[in-house]
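Descriptive analysis of the structure
Read off the chains here:
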Amino acid sequence: MYDPVGAVYKAVGEAPFYKLVDEFYLRVAADPLLRPMYPEDLTLPKKHLAQFLVQRTGGPTTYSDERGHPRMRGRHMPFKIGQAERDAWMKHMTEALDQVPELAENRQALWDFFDNFATFMINQPG
Ligand code: HEM
């Protein structure tokens, strides 16, 4: 099946993903529900998310070279992710997408990917 997300890197390169992640974490940093889940220094979470997105969209595999298989659901198990956390995450990512015009053409494909992936990360009822 055609994977539209897998073609985005080729079209835009890596810079827009770093912009997206900066915008996203600006919002996470101000979110009382999500902020406590992350380490005080957001440098590594930013780097890992950007590298993961570059890899997932067809770019270099630096993420897996350094971190191994993504196994994202497993990596999120230590955190309590219910509907509220998922919706907060999506809200910040949706706003972040709106701040990166370079991704406008692929906004819907990326939004759909994030929407599904965020639901998949839910590991707690309620
Ligand atoms: C649904 C709500 C979500 C919550 C509350 C959440 C929360 C977190 C937290 C707390 C971390 C650990 C940060 C750290 O200590 O370094 C993390 C890591 C990460 N998250 Fe999420 N996340 C969510 C959804 C997603 C989604 C949808 C994606 C991808 C599309 C994603 C990708 C990542 C990546 C790549 C990492 C770094 C993993 C690693 O290599 O250590 N997350 N997330």
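Here the structure is shown first, and the text comes after it.
Here's a quick rundown of the structure. (Residues numbered from 1 in each chain as written. Predicted model: local features only at pLDDT ≥ 70, side-chain atom pairs only at ≥ 80, totals over all residues. Heavy atoms only, no water.)

**Thoughts on the layout of surface pockets**
Estimates place the volume of the largest pocket at around 760 Å³. Residue lining of the largest pocket: 27 residues in total, with Tyr25, Tyr38, Met72, His76 and Phe79 positioned closest to the centre. Contributions of two or more residues to the lining of the largest pocket are made by α2 (15–29), α3 (43–56), α4 (62–67), α5 (72–76), α6 (83–98) and α7 (107–120). For the lining of the largest pocket, the leading source of residues is α3, giving six residues. (1 Å grid on protein atoms, 1.4 Å probe; cavity = no way out; pocket = protein on both sides within 12 Å on 5 of 7 lines; lining within 4 Å. Points joined across faces, edges and corners; volume = space filled by probe spheres on them. Helix = DSSP H or I, 4+ residues; strand = E, 2+ residues; numbered from the N terminus.)

**Description of the packing of α3 against α7**
Interhelical geometry of α3 versus α7 gives an angle of 120° and a closest axis separation of 13 Å. Put simply, α3 runs oblique to α7. Judged by the twist between their axes, the crossing of α3 over α7 is right-handed. Only Phe113, Phe114 and Phe117 of α7 make contact with α3, whose side of the interface consists of Phe52, Leu53 and Arg56. Tallied by class, the residues present in the contact of α3 with α7 amount to five nonpolar, no polar and one charged. (Axes fitted to C-alpha atoms, helices over the stretch in contact; angles between N-to-C directions. Parallel < 35°, antiparallel > 145°, perpendicular 65-115°, else oblique. Left-handed = near helix turned anticlockwise from the far one by under 90°. Contact = heavy atoms within 4.5 Å. Nonpolar A, V, L, I, M, F, W, Y, C, P; charged D, E, K, R; others polar.)

**Examining α3**
Given a rise of 1.5 Å per residue, 14 residues ought to cover 20 Å, and the 20 Å separating the end C-alpha atoms of α3 matches this to within 8%. For α3, every residue scored as buried is listed here: Pro45, His48, Leu49, Ala50, Gln51, Phe52, Leu53, Val54 and Gln55. Looking at the packing, one finds that the buried side of α3 touches α1 (8–12), α2, α4, α5, α6 and α7. (Expected span 1.5 Å × (residues − 1). Buried < 20%, exposed > 50% of the residue type's maximum accessible area, 1.4 Å probe, protein only.)

**Structural notes on the pattern of salt bridges**
Taken as a whole, this structure holds 11 salt bridges when the rule is applied. The shortest N-O distance in the salt bridge between Lys80 and Glu85 comes to 3.4 Å. With its nearest N and O atoms 3.1 Å apart, the salt bridge here joins Arg86 to Asp87. For Asp87, a relative accessible area of 36% gives the class partly exposed. When salt bridges with common partners are traced through the structure, they connect Glu23, Arg27, Lys91 and Glu95 into a single cluster. (Salt bridge = Lys/Arg side-chain N within 4 Å of Asp/Glu carboxyl O.)

**Quick notes on the environment of Ala50**
Within the fold, Ala50 resides in helix α3. In this structure the C-alpha to C-alpha distance between Ala50 and Ala15, which are 35 residues apart in sequence, comes to 9.4 Å.

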